[in-house]
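Residue-level structure breakdown
Below, each chain spelled out in residue letters.
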Amino acid sequence: MNSFTLKMIGIITMLLDHIGAVLLQPGTVPYFILRSIGRLAFPIFAFLIVEGFFHTRDLKKYMTRLGIFALLSEIPFDLAFNNKVLELGYQNIFFTLFLGLILIHFIHQLENKYRTNPTAYNIFSALVTLLFCIIAVILGTDYDFKGILIIVAFYLFRESKLWMVVSLLLILNMIGGISVLGTLSMVFIGFYNGKKGKDIKYFFYIFYPLHLLLLFLINLLV
């Protein structure tokens, strides 16, 4: 399974999740089913962020792209989920992915700098992770500090699918409820072959705010 296929699974499960969240009534069976399926989306995107970090040819452009679309997606996100043009207490998932990408970049630099001093590396990487978790909580990003920890876990355990599963289960258990179903995303991630597949770099960036805006408009009409 290449990154294209994995990304499409993430997009489809995210779309189903958002259809449930925006258009369906909480407490109904269809709502529960779509929201449960949607739990697979974020871990897949978190994994792909780490893969993108290692395979991108220009990290600064990658970060800039995420940051720009985090800002562009905020109004559609707030309209869809809060019926407001701007809700400062809750930010879209691009902010979480953006912060996570910057963080693993810092951790990677620390890893290279303190290659012969693992104690210093562990202390500084823990401190910078704590800082970014605090930033995520203050900004109110989707998945807040748990999303940051998932990205870091996928970075740290990128050579061990078993530890990815364990760390993902532990982190999602902090959220509780159906969120633990996100661990099932490892079924798809486990088949990842490290290949890119079709290049749809900008598809997800455009699809994210566009589908939120469409869901908002549909919700106005029904």
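In what follows, the accompanying structure is described. Within each chain, residues carry numbers counting from 1 in the order of the written sequence. Predicted model: local features are reported for residues with pLDDT of at least 70 only, side-chain atom pairs are reported and counted for 80 or more only, and whole-chain, interface and lining totals are derived from all residues. Hydrogen atoms and water are omitted, and side-chain values are computed over all heavy atoms in the structure.

Tallying secondary structure elements over the protein chain gives ten helices and zero strands in all. Its helices and strands in sequence order give the protein chain the pattern α-α-α-α-α-α-α-α-α-α, from N to C terminus. For this measure, only C-alpha atoms enter the radius of gyration; the expected value for a globule follows 2.2 Å times N^0.38, where N is the number of residues. Against the compact-globule benchmark of 17 Å for 222 residues, the protein chain has a radius of gyration of 17 Å, which places it among compact chains. Burial here depends on accessible area, computed with a 1.4 Å probe over protein chains only, as a share of the maximum for the residue type. Under 20% is buried, over 50% is exposed, and the range in between is partly exposed. In the protein chain, which comprises 222 residues, the share counted as buried stands at 49%. Contact definition: two residues touch when any of their heavy atoms are within 4.5 Å. Intrachain contacts of the protein chain at a sequence separation of at least 6 include 70% that bridge at least 24 residues. Per element, the accessible surface of the protein chain, about 11,400 Å² overall, is 69% carbon and sulfur. His is not counted here, nor are the chain ends, while Lys and Arg score as positive and Asp and Glu score as negative. A charge is said to be at NZ when it belongs to Lys, at CZ for Arg, at CG for Asp and at CD for Glu. Between the mean site of the 17 positive side-chain charges and the mean site of the 11 negative ones, the protein chain shows a separation of 8 Å. Put simply, DSSP marks the helices as runs of H or I at least four residues long and the strands as runs of E at least two long, and each gets a number from the N terminus on. Only the protein chains shown count as cover for residues, with accessible areas throughout obtained via the Shrake-Rupley method and a probe of 1.4 Å.

Take a nonpolar patch on the surface next. Surface patches are drawn from residues lacking salt bridges whose relative accessible area is over 30%; two like charges belong together within 9 Å, two nonpolar side chains (Val, Leu, Ile, Met, Phe, Trp, Tyr) within 5 Å. Throughout this description, the term salt bridge denotes a Lys or Arg side-chain nitrogen within 4 Å of a carboxyl oxygen of Asp or Glu. On the surface, Tyr202, Ile206, Leu210, Leu213, Leu214, Leu217, Ile218, Leu220, Leu221 and Val222 cluster together into a nonpolar patch covering about 1,000 Å² of accessible area. Along the chain, the position of Leu220 falls in helix α10 (residues 201-221). For Leu220, a relative accessible area of 55% puts it in the exposed group.

Throughout this description, the term nonpolar core refers to a set of buried Ala, Val, Leu, Ile, Met, Phe, Trp, Tyr and Cys residues connected via side-chain atoms within 4.5 Å. Core analysis: the biggest nonpolar cluster contains 64 residues, and Leu101 and Phe154 have the highest contact counts within it. Of all the elements, helix α5 (residues 93-113) adds the most residues to this core, at eleven residues. Apart from residues no more than four positions distant in its own chain, Leu101 is found in contact with Ile49, Phe53, Leu59, Tyr62, Met63 and Leu66.

Here we come to the pattern of salt bridges. Inspection of the entire model under this criterion finds five salt bridges. Of the charged contacts in the structure, one is a salt bridge between Arg158 and Glu111, with a shortest N-O distance of 3.9 Å. Taken together, the residues span a long stretch of sequence, with Arg158 in the loop between α7 (144-156) and α8 (161-175) and Glu111 in helix α5 at a distance of 47 residues. On the basis of relative accessible area, Glu111 is assigned to the partly exposed category, the value being 24%. The closest approach of N and O atoms between Lys146 and Asp144, which form a salt bridge, is 3.0 Å.

Further remarks concern the packing of α7 against α8. As a rule, the C-alpha atoms of each element are fitted with a line to give its axis, helices using only the stretch in contact, and angles between N-to-C directions run from 0 to 180 degrees. Where α7 contacts α8, the axes come no closer than 10 Å and their chain directions differ by 175°. Looking at the two axes, α7 sits roughly antiparallel to α8. Where α7 approaches α8, its residues Phe145, Lys146, Leu149, Ile150, Ala153 and Phe154 are matched on the opposing element by Met164, Ser167, Leu168, Ile171, Leu172, Met174 and Ile175. The classification used treats Ala, Val, Leu, Ile, Met, Phe, Trp, Tyr, Cys and Pro as nonpolar, Asp, Glu, Lys and Arg as charged, and all other residues, Gly among them, as polar. Its residues placed into classes, the contact of α7 with α8 shows eleven nonpolar, one polar and one charged. Any angle that falls under 35 degrees is termed roughly parallel, while one over 145 is termed roughly antiparallel, one within 65 to 115 roughly perpendicular, and all others oblique.

What follows is about the side chain of Thr141. Summarising the element assignment, Thr141 is placed in the loop between α6 (118-139) and α7. The exposure class of Thr141 is buried, given its relative accessible area of 3%. Each polar contact in these results corresponds to two N or O atoms within 3.5 Å; when the atoms are within protein, one needs to be able to donate a hydrogen and the other to accept it, and residues that are neighboring in sequence are counted only if both atoms are side-chain atoms. Only 3.4 Å separates the side chain of Thr141 from the side chain of Thr96, close enough to count as a polar contact. Once residues lying within four places of it in the same chain are set aside, the contact partners of Thr141 are Tyr90, Gln91, Phe95, Thr96, Leu99 and Ala136.

With that out of the way, let us pick up helix α2 (residues 29-38). Looking at α2, one finds that the buried residues are Tyr31, Leu34, Arg35, Ser36 and Gly38. In this fold, the buried residues of α2 make contact with α1 (3-23) and α3 (41-55).

Another aspect to go through is the side chain of Ser125. Within the secondary structure layout, Ser125 lies in helix α6. A residue is classified by how much of its surface remains accessible, and Ser125, at 10% relative accessible area, is buried. Reaching out from Ser125, the side chain makes a polar contact with the backbone oxygen of Tyr121 at a distance of 2.7 Å. Those residues within four positions of Ser125 in sequence are excluded, and the remaining contacts are Ile107 and Leu110.

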